[in-house]
Structures are given as structure tokens and as C-alpha cells.
Amino acid sequence: MLAFIIKRLSNAVFVMISVTFLAFVIFSAVGDPVDQMLNEQATQQQRDDLREKLGLDKPFLMQFGTFVVRAAQGDFGISFRNQRDVLDMISERFPATFELVLVATFISLVVGVPMGVITAIKRKSWYAEAMQFTSIIGISLPSFVVGIGLILVFSVWLGWFPSFGRGDTVDLGWWTTGLLTRSGQMSIVLPALSLSLFQVTLVMRLVRAEMLEVLRSDFIKFARARGVPARSIHFRHALRNCLMPVVTMTAMQIGGLIAFALVTETVFQWPGMGLLFIQAVTFVDVPIMAAYLCIVALIFVVLNTIVDMAYAVIDPRLRGADK
Amino acid sequence: MSSNLEPAKVQTRMQRFWDSDVWWSFKSHKSAVGAAIVLALVIITAFLAPVLSPQNPYDLAALELWNAELPPIWIEGGQMPFLLGTDVQGRDILSGILYGTRISIIIGIASVAVSLFVGIGLGLIAGYYGGWIDNVLMRIGDVLLSIPTVLVAILVSSVVQQFLPPAFREAGLAAVLVFAIAMYSWVQYARVVRAQTMVERRKEYVMASRLVGTPARRMMFNHILPNTLTPIFVAATLNFGLAILIEATLSFLGVGMPPNQPSLGTLIRVGNQYLFSGSWWIVLFPSIQLCILVVAVNMLGDWLRDALNPKLR
């Protein structure tokens, strides 16, 4: 068990170091920061001084070392474009992205689980087949097209929901939330829907597959033989046995959603980290790009590692399998 | 069963195909047949774009500003030959879509081809030789898969674009996109091929042919590779849909194809700016085409996965 934990942790650290290395390579490849920070008339002496101050006269690996140490302390430097501390800029934007992902995850569970159960227990009915068919379409539709479609129908034609921005927010000191104001609640509906569509289909397909498996098992047959009512069999006995993989997948997908939210944020001009990142990409604002990459990868890796370890605690078979 | 020996039927490849399980399963799947027909139509019209489209959307001289923002033909104000209307520069939407689909499909095929080539090659090497090469390759794959796909693709394409010399930038963009998409998708093929190679390598026929002195390269390609092709084929079909999607997403975000060589994603990005001005057709039709294309590919892939899966027969 200990060996397993150590292995998973070292794996996570290895991934993080590789990602940081990637970020650093991008950082140093995109051009000499000295040229960008000084004007054309700067003397050679000024250039050398700045170079020394930034540590650019050191060998490559030493520079990487400094980068890692600083990144670990949350120091990603200063944005080229806004001349502001990068970590501040990202942490200002983080609540917007996180609320969006949270609401989308909530929608995907509330809609996806019942749909999965229905398609599993009424497999031959027309509405189950229709849902199964829609799920292929749901997986194929590009998220930005869904977003544009929602805006077109619900904002431009019907005028029910706002099409961009986050509405009014409430400042809680360390967190700004849009969930407490009316305009904030209205604003989050469309982006969260479009972000959750893919998740809904994923959850639905997973629940369906798991339910079909569980419904075939002996304890369900026994419950049927005992005369337990169908509703109780499906929802109390069968569904409960399917929830573990659903919870795991949801937890693992949150990291992916945070990254993928950048597409949704672009469509809806949602002021989250992803929009910040895309704007940084257009202006080649490398410190922000590098910081965003490291932070998203960190969230992703931490979630995956926790889920892996939680699984090993619950299911002892996995500990042996991975040697 | 029967005592009289019939001469073995000599079948041509075509006859063998018409008799096969796969063809039978295809015929009995309505959605697969439908998807195949739709896909064929989309591909044929895309490659016949220069013949079919009423206007060459790249020819700036052909654009007339008084044709700008015409609605589709069935709405009042629509004009022939602009069946689906025009954009703000007077460019025919239908022609733009046909040419754009062609670019999307070419990039999709190219990135699947590149990642197949790299993935199969590295997978064979990793599985056949094992040891440290295997470790290094699979570790690289793990790292790539542990960063979200869109992020890898955006970073690669935006960073590599910085390095392209300006003269080369126009022509090189599509290549950069292919590279950015292939960058992570080779891992999947490499994993499948590697796992299968490790199984095949220990079998007796491989031992035997190694004893005869068959060189390693020939062993990998002629003997082991054919045994790994089925799962690869399924993965390639599904990845083709994914590649088109990712290319469209990148172009939509502005790190893909530029507006003067628009793919479907670029068309949607450009059209999105006119969403509120009432010219909904500029964004709607390219979006529909993209959805049709990806849904058709995925439905075919879904069917293929079931049809080639021996467990489900």
C-alpha cells in the first residue's frame, strides 16, 4: 500500500516537473525578454545588467531550477502586457471559472444520472433509444457550436438570458461570487449548460453501462425473486452500486472541465482564467500562459492522484495490479 | 459434413468483402448506412468545391460589396446564386462552407496519418525492444495525456506559429495544426500497438522466424503489425472526428487557420461577430455543416467499434 502511494505520488511529481519544464521552454523560446523590457536605445551595459538581474546569464538548467523554485512559491513573474503580478491576475479570475465548472458538474449529475437509469431499465422503449441516439450527437457536437446555438436561440431570438459576462457579483473578500445576485444567476445558465452538455452524455452513458451490468447480477435477481418492488430495486439497490464510478469520473473530469472551460469562456466572454489565457495567447503574454499551464496541470494532477489513491483504498485488487 | 469434396472456392478480394461479417453488420445498421451516405456526400461535395461552388471565395476580385449580408434564398431579399446568403464582404456562404470543409477534412486526415505513423512506429519499438526505450516512450506519453488536450494543442500551435518565418507562415499554418493535433493523439496508437506487440513477441511463430534470422524491422512490420491493426483502425476513425473537432476549436479560438484560408472553425469564428446584427446565417450554416460532419464520422466509428469487436458478435 505504501509502495503504491509512493509510486503514485512520484508519478504526480514527475508529471508536474515535466509540465513546468514545458512551460519554461516556452518561456525561454518565445524571445529574449530583455528586448521586450528595454527600449531600442538601451546601451549594452544596461542590457547586461538586466540580464544579470533576471538570471539570464546563468546556464539553462540553473535557470530552470530558479523557475521551478519561484513557481512553487507562486511567483510566476509579471505580465508583459499589464505589468501586474501574474498570480494575482489568475487568482482574481479563478472564482468565475470555478463557479462555472461547479454549476456545470451539478447539471451533468442531475440530468445525466436519471437519463442513464431510464435508458438502462427501459432499454427497448422508443424514448430510451431516442436518448441513446441523442447521446452520440451530444458527444459529437463541438462545445462552442452549442454555445453559439444557445446564444442565438435564448438571447438573440427569445431574449431570456444574457449572452455574455457574469452579471453582478458579490465580493466576499477572498472570493467573488455571481451566484447570489439575480443577474449573476441568469448569466451562468447558458455557459453552464453548454459546458455541461458533453458531461451529461458521458454520465448518462456511464450510468447506463453500469446499470446494465448490475441488473444482471445475482443479488438483483434475488431481490426480484423476493418480490421487492421494481422502483426500489432500480433506485435503492442497483443505482447505489453504480454511483462509485460516477463519482470517480466526475472528480477526474473537473480538472478537464477547468481547462476546457476556456472554450466556453471565449464564447460567452465569461471573465474566468480561460479567457485570460486566450487573451494572453493572442498577445504572446508568456508569463500568463506559463502560469495558467502550470496551475491547470496542478489541479488536474492533484485530482487524478487523489482519485487513484482513494480507489486503491477502496478496492484492494488495484494495489497488486499496478506493480 | 458432406463427403464429396468441393474444389475450394477461389474468391477475389471483392467477393470476400461482400461475404464478410463486417459488410453484413453494416447493411443491417440503419444509422451506420445513413452516416456513411451523409459522410460520403460531405466529402465529395467538399472535394468538388471548385466545380460546385458558385463563387471562388479566395478570389477577392469576385466579391461585390453590394452583395454583402444577403440572407438565404428562401428569405425575402435573398438572391441567386447565393443559396445560403452572403457574409459582410459579399462572400457566398455556401462556397465558403464547401472550401472550408475541404480544409477541415484535409487537416483531419493529415493529423490522423501523422499520428498513426508516429504512434505505430514508436509503439512497435517500445513493445519489441522493451527496456529503457519502452520506459522513456511510455513516460512521455503519460505526461502528454495528463495535460488536457485542448491546452496542449493551443500551446503547441500558438508557440510554433511564433517561430515560423513570416514568408512561410501562410503555408505552414496547416502543418502546424496537424503537428499540434498529432502531438498527443499518437500516444493512444502507441499504447495499443505496444501492448499487442508484447503479446505477439513471445509467440512461437515470432521465435521461429527470429531463429531463421529475420531482421527486426521486417519482423515488426510484416509479422507483428498486421495483428494489431483492428483496434488501431477503430481508434483512427474515432480520432478523425476528434481531430476535426479540435482543429475547429483551435480555429474558433483564433490560434488555427486564418480568415484568408478559412476552415469551418474560422468561418464560425468570423460569423460569431455578426450574431447580434441579425445576420445569423453567417454563423449558423458553417456550424451545422461542422456538426453533420463530426456526427457522421462518430456514428460510423461507433458502429465500427461494435462490428469489429469479437466479444459482441
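Residues numbered from 1 in each chain as written. Chains lettered and ligands numbered in written order. Predicted model: local features only at pLDDT ≥ 70, side-chain atom pairs only at ≥ 80, totals over all residues. Heavy atoms only, no water.

## Some thoughts on the overall build of chain A
- Across its full length, chain A carries 13 helices and two strands.
- With the C-alpha coordinates of chain A rotated into their principal frame, the extents come out at 90 × 60 × 35 Å.
- Looking at chain A as a whole, 45% of its 323 residues are labelled buried.
- If you take every contact in chain A between residues at least 6 apart in sequence, the share linking residues at least 24 apart comes to 72%.
- Counting every atom, chain A has about 16,600 Å² of accessible surface; 65% of that belongs to carbon and sulfur.
- When the 27 positive and 23 negative side-chain charges of chain A are each reduced to one mean point, those points stand 18 Å apart. (Helix = DSSP H or I, 4+ residues; strand = E, 2+ residues; numbered from the N terminus. Buried < 20%, exposed > 50% of the residue type's maximum accessible area, 1.4 Å probe, protein only. Contact = heavy atoms within 4.5 Å. Areas by Shrake-Rupley, 256 points an atom, 1.4 Å probe, with all protein chains shown as cover. Lys, Arg positive; Asp, Glu negative; His and termini not counted. Charge placed at Lys NZ, Arg CZ, Asp CG, Glu CD.)

## Quick look at a nonpolar patch on the surface
Residue and element names in this part refer to chain A.
- Residues Met1, Met244, Val313 and Ile314 make up a contiguous nonpolar surface patch of roughly 370 Å² in combined accessible area.
- Tracing the chain through its elements places methionine 244 in helix α10 (residues 230-268).
- What makes methionine 244 partly exposed here is its relative accessible area of 35%. (Patch = residues over 30% accessible without salt bridge, like charges linked within 9 Å, V, L, I, M, F, W, Y side chains within 5 Å. Salt bridge = Lys/Arg side-chain N within 4 Å of Asp/Glu carboxyl O.)

## A closer look at the packing of aromatic side chains
- Inspection of every chain in the model, using the stated rule, returns seven aromatic pairs over all chains.
- Ring geometry for A:Phe277 against A:Tyr292: centres 4.4 Å apart, planes inclined by 20°, an arrangement best described as stacked. Placement of A:Phe277 in helix α11 (residues 273-282) and of A:Tyr292 in helix α12 (residues 286-314) is noted, with a sequence separation of 15 residues between them. Neither A:Phe277 nor A:Tyr292 differs from the other in exposure class; each is buried.
- Through successive ring pairs, a cluster of aromatic residues spans A:Phe154, A:Trp160 and A:Phe161.
- B:Arg139 extends its terminal NZ or CZ atom over the ring of A:Phe14, reaching a point 4.9 Å from the ring centre. (Phe/Tyr/Trp six-rings, centres within 6.5 Å; stacked < 30°, edge-to-face > 60°. Lys NZ or Arg CZ within 6 Å of the ring centre and 35° of its normal.)

## With respect to the interface of chain A and chain B
- Taken together, the contact between chain A and chain B spans 39 residues of the former and 35 residues of the latter.
- Of the roughly 3,400 Å² buried between chain A and chain B, counting both surfaces, carbon and sulfur atoms make up 85%.
- When the area that chain A buries against chain B is broken down by residue, the three leading residues are A:Ser140, A:Phe144 and A:Ile148, summing to 16%.
- At the boundary of chain A with chain B, the tally comes to zero salt bridges.
- In this structure, the connection of chain A to chain B is made through zero residue pairs in polar contact (both at pLDDT 80 or more). (Buried area = accessible area lost by both parts, 1.4 Å probe. Polar contact = N/O pair within 3.5 Å; in protein donor to acceptor, adjacent residues only side chain to side chain.)

## What about the UniProt feature "transmembrane region" (unreviewed entry) in chain B?
- Per the UniProt record, "transmembrane region" (unreviewed entry) is found at residues 32-52, 103-128, 140-160, 172-193, 228-253 and 280-304 of chain B.
- Regarding residues 228-253 of chain B, the helix share stands at 96% and the strand share at 0%, and the terminal C-alpha atoms are separated by 37 Å. (UniProt positions renumbered as here; feature names shortened; annotations may be inferred.)

## Some points on the UniProt feature "transmembrane region" (unreviewed entry) in chain A
Residue and element names in this part refer to chain A.
- The feature "transmembrane region" (unreviewed entry), as given by UniProt, occupies residues 12-30, 100-121, 133-160, 188-207, 242-268 and 288-314 in the numbering adopted here.
- The distance separating the terminal C-alpha atoms of residues 100-121 is 32 Å; by composition the span is 100% helix and 0% strand.
- Here residues 288-314 runs as 100% helix and 0% strand, with 39 Å between its end C-alpha atoms.

## Describing the UniProt feature "domain: ABC transmembrane type-1" (unreviewed entry) in chain A
- Within this numbering scheme, the UniProt entry marks residues 94-307 of chain A as carrying the feature "domain: ABC transmembrane type-1" (unreviewed entry).
- Here residues 94-307 of chain A is 80% helix and 2% strand, with 22 Å between the C-alpha atoms at its ends.

## Digging into the environment of A:Arg224
- As for its position among the elements, A:Arg224 is in helix α9 (residues 218-225).
- Excluding its chain neighbours within four sequence positions, the residues that come into contact with A:Arg224 are A:Leu215, A:Ile233 and A:His234.

## Regarding unusual backbone geometry
- One non-glycine residue, A:Gln269, adopts positive backbone phi at about 50°.
- With respect to the element layout, A:Gln269 can be found in the loop between α10 and α11.

## Looking at the packing of helix α5 (residues 86-121) of chain A against α10(A)
Residue and element names in this part refer to chain A.
- Two elements in contact, α5 and α10, have axes separated by 8 Å at closest approach and are oriented at 145°. Crossing of α5 against α10: the hand is right-handed. Note on element contacts: α10 touches α5 through His234, Phe235, Leu239, Val246, Thr250, Ile254, Leu257, Ile258, Ala261 and Glu265, opposite Thr97, Leu100, Val101, Thr105, Leu109, Val113, Val117 and Ile121.
- Classifying every residue of the contact of α5 with α10 by side-chain character gives 13 nonpolar, four polar and one charged. (Axes fitted to C-alpha atoms, helices over the stretch in contact; angles between N-to-C directions. Left-handed = near helix turned anticlockwise from the far one by under 90°. Nonpolar A, V, L, I, M, F, W, Y, C, P; charged D, E, K, R; others polar.)

## Topic: the side chain of B:Ser115
- As for its placement among the helices and strands, B:Ser115 is situated in helix α5 (residues 93-129).
- With residues near it in sequence (within four places) discarded, B:Ser115 still touches B:Ile120, B:Ala182, B:Ser185, B:Trp186 and B:Tyr189.

## Quick word on the confidence of the model for chain B
Residues and elements named next belong to chain B.
- On average, residues of chain B score 78 in pLDDT, and 81% of them are at 70 or above.
- Per-element confidence in chain B is highest for α5, whose mean pLDDT is 87, and lowest for helix α1 (residues 13-19), whose mean pLDDT is 69.
- Model confidence for the complex: the whole-complex pTM is 0.80, and ipTM, which rates the interface, is 0.78. (pLDDT = per-residue confidence, 0-100.)

## Regarding the environment of A:Leu87
Residues and elements named next belong to chain A.
- Position of leucine 87 among the secondary structure elements: in helix α5.
- Taking the relative accessible area as the measure of exposure, leucine 87 reaches 29% and is therefore partly exposed.
- Separated by 37 residues in the primary sequence, leucine 87 and lysine 124 place their C-alpha atoms 53 Å from one another.

## Side note on the nonpolar core
- Counting 133 residues, the largest nonpolar core has A:Phe144, A:Leu262, A:Phe277, B:Ile154 and B:Leu290 as its most contacted members.
- Counting 19 residues, the second largest nonpolar core, distinct from the first, contains A:Leu202, A:Met211, A:Val228 and A:Ala238. (Core = buried A, V, L, I, M, F, W, Y, C linked by side-chain atoms within 4.5 Å.)

## Quick notes on the confidence of the model for chain A
- Summary statistics for chain A give a mean pLDDT of 79 and a share of 92% for residues scoring 70 or more.
- The secondary-structure element of chain A with the lowest mean pLDDT is helix α13 (residues 317-321) of chain A, recorded at 56, while α5(A) shows the highest, at 86.

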